[in-house]
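Each chain, letter by letter, is given below.
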Amino acid sequence: MDTPLRIDPAAALAEINRFQHKLAAGLRHLPGMGEPEYANTPRELVYAEDKLKVWHFTGTRPTARTPVLIVYALVNTVWMTDLQADRSLVRNLLEQGEDVYLIDWGYPDGADRWLTLDDYLNGYLDRCVDAVRHRHGLDAINLLGICQGGAFSLCYTAMHPDKVKNLITMVTPVDFHTPDNMLSHWVQQLDVDRFVDVMGNIPAALMNWVYLTLKPLRLNQQKYVGLVEILDNPAELENFLRMERWIFDSPDQAGEAFRQFIKDFYQGNKLVRHDLEIGGRPVDLGLIQQPVLNIYAQQDHLVPPDASRALGKHIGTQDYTEIAFKGGHIGIYVSGRAQREVPPAIHRWLRARD
């Protein structure tokens, strides 16, 4: 009887042998591997407050006259920007001649339960910007905001326009109610007040579970099946473990700031409705007159392209540039293609306005 399932015994045996070989190689390599390090591009600490640190990357002689301060999201560690030597946004910006600073938000604990968005933006971020401005004797510096950090950078620039010279946003949500925004759909009916009142700070493990279940098959099964293919390659295995370290080494979220961000941005979509206030200050994207470069990823499942492209319809500046790159939310920082294309594009754009 004909059957659609045809198995070649010799080929099946060869596949089993290959699988066993790779498992055996993994058993040899894994016990001797320590925790993978991030790229650790040389850096110096230039400002610290509470759990926050501002790092200045060193080892090169910058040609840019205006430094760039990277503002990362609160929901992951900042080291996606400097993951490994050959996949480092920071290192590639340095090689282009940029003078790069980075805010490391640290790991909130119970003492940070009541930190608000006002504390983060008009407090911490403002003082970080001042620290970099004063080091260089400048009235204004460049901001590069990533994901949630991009939304923060937009809000900050609208509230403190005199301190920002050029603004770059990467995979940044602006319109939080686009039809393909899975995270937004999830939280529309969430009772955020009860959630935060019960939880206090939001555990990192819970946040990671949410992100992983957006693509459950790909992120919880396929990638570990694919792990078998690299068990006999120590370099690739180390890269895989480094990414796993970054994914699961996430900070908790300060409860009050989380409450405000979900209610005002995801549920209220106030950033594009022009009725957002932070610390009693109005936040109007139409007031941003600085040059703006908006970079988004075409296959981004966390920040859909339409959510980022909406910025062009609400920003006030006449100097607005939009660039799309092939890849996903993380791939835009760690893929080989992105490393060849994204930092040079940022540098060219900044150089034309330096």
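Residues numbered from 1 in each chain as written. Predicted model: local features only at pLDDT ≥ 70, side-chain atom pairs only at ≥ 80, totals over all residues. Heavy atoms only, no water.

Topologically, Asn40 is positioned in the loop between α1 (9-29) and β1 (43-49). Given the relative accessible area of 40%, Asn40 is considered partly exposed. Along the sequence, Asn40 and Gln84 sit 44 residues apart, while their C-alpha atoms lie 7.7 Å from each other. With sequence-adjacent residues up to four places away left out, Asn40 is seen in contact with Asp82 and Arg91. (Helix = DSSP H or I, 4+ residues; strand = E, 2+ residues; numbered from the N terminus. Buried < 20%, exposed > 50% of the residue type's maximum accessible area, 1.4 Å probe, protein only. Contact = heavy atoms within 4.5 Å.)

Using the criterion set out here, one finds 19 salt bridges in the structure. Among the salt bridges present, the one from Asp193 reaches Arg259, with a minimum N-O distance of 2.9 Å. In this pair, Asp193 sits in helix α6 (residues 192-199) while Arg259 sits in helix α10 (residues 255-267), placing the two residues 66 residues apart along the sequence. Residue classification places Arg259 among the buried residues on the basis of a relative accessible area of 9%. With a shortest N-O distance of 3.2 Å, Glu256 and Arg259 are connected by a salt bridge. Pair noted here: Glu256 and Arg259 are both in helix α10, with a separation of three residues, about one helical turn. Connected via shared salt-bridge partners are Arg113, Asp193, Asp197, Glu256, Arg259 and Lys263. (Salt bridge = Lys/Arg side-chain N within 4 Å of Asp/Glu carboxyl O.)

For the pair helix α2 (residues 89-96) and helix α15 (residues 336-351), the least separation of the axes is 9 Å and the interaxial angle reads 50°. Judged on the interaxial angle alone, α15 and α2 are oblique. Read as a crossing pair, α2 and α15 show a hand that is right-handed. Across the interface between the two elements, Leu89, Asn92, Leu93 and Gln96 from α2 touch Gln339, Pro343, Pro344, Ile346 and His347 from α15. Among the residues forming the contact of α2 with α15, the class breakdown is five nonpolar, four polar and no charged. (Axes fitted to C-alpha atoms, helices over the stretch in contact; angles between N-to-C directions. Parallel < 35°, antiparallel > 145°, perpendicular 65-115°, else oblique. Left-handed = near helix turned anticlockwise from the far one by under 90°. Nonpolar A, V, L, I, M, F, W, Y, C, P; charged D, E, K, R; others polar.)

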